[in-house]
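So you can see what is in the structure, the chains are spelled out below.
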Amino acid sequence: MATPDQKTIVDVAAFLNTTPEQCIKTLVFKADEELVVVLSRGDHEINDVKVKHATGATIVELAEPEEVQQALGCEIGSLGPVKLPSTIKVYADQAVQSIVNGVTGANEDGFHFINVNPEKISLLNPMRIFALSKRETLLQTAKAPSNLPKASKSAIFSNWARLTASR
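Calculation criteria
Residues numbered from 1 in each chain as written. Predicted model: local features only at pLDDT ≥ 70, side-chain atom pairs only at ≥ 80, totals over all residues. Heavy atoms only, no water. Salt bridge = Lys/Arg side-chain N within 4 Å of Asp/Glu carboxyl O. Buried < 20%, exposed > 50% of the residue type's maximum accessible area, 1.4 Å probe, protein only. Helix = DSSP H or I, 4+ residues; strand = E, 2+ residues; numbered from the N terminus. Core = buried A, V, L, I, M, F, W, Y, C linked by side-chain atoms within 4.5 Å. Contact = heavy atoms within 4.5 Å.

**Things to note about the pattern of salt bridges**
Pairing between side chains of opposite charge can happen when their charged atoms approach one another.
And step 1. Under the defined criterion, the tally for this structure stands at 5 salt bridges.
And step 2. Residues Glu33 and Lys30 are paired through a salt bridge, measuring 3.6 Å at the closest nitrogen-oxygen approach.
And step 3. With relative accessibility at 16%, the residue Lys30 sits in the buried group.
And step 4. We note a salt bridge from Lys30 to Glu67, for which the minimum N-O separation is 2.9 Å. Of this pair, Lys30 sits in strand β1 (residues 24–31) while Glu67 sits in helix α3 (residues 65–72), and the two are 37 residues apart along the sequence.
And step 5. A relative accessible area of 23% places Glu67 in the partly exposed class.
And step 6. What emerges from the salt-bridge pattern is a single network uniting Lys30, Glu33 and Glu67.

Set out below in structure tokens:
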């Protein structure tokens, strides 16, 4: 679908009468000199430290616009996980899996795809799913001390989840 002059998630979502939550944001990182694509929900931010751990890289930084243009043939505002070169590794935040009939860049300037579903994307370029968003909760990463009995660990996390849910 033509999306002329729509470069940001907010602009694209408004233009297509949807929400940022329904958009798949595509970022290109340089992980130890290798370009990798990282996907997140449009309303989430990516934690570059988590990208570093997921890729196993020593150094991770956003790719320069010129590098993206040369590798993918389009500008940053039209990036998407569809029609990527097979040599590009794709890492996705786990929240991307919840998007149904979403919107994403078409890797062609001024165009976006609609009705995109992550399970179909992964057939074209296998996605590695990780917790890459800055919105990951402590519950997903917290660990109880290993010397506690199993019942105590469950009680700790149940109480913690109940307390944090009421905030």
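**Some remarks on the nonpolar core**
And step 1. If you look at the biggest cluster of nonpolar residues, it comprises 17 residues, and the most contacted ones within it are Ile24, Val28, Val37, Leu39, Val68, Leu72 and Leu79.
And step 2. Of all the secondary structure elements, the ones that give two or more residues to this core are β1, β2 (34–41), α3 and β4 (89–93).
And step 3. By residue number, the principal contributor to this core is β2, which donates 3 residues.
And step 4. For Val68, the contacting residues outside a window of four places in its chain are Val28, Ala63, Gly73, Cys74, Ile76 and Leu79.
And step 5. Counting 10 residues, the second-largest nonpolar core is a separate cluster that includes Phe29, Ala31, Ala57 and Val60.

In short, geometric facts, not functional conclusions.
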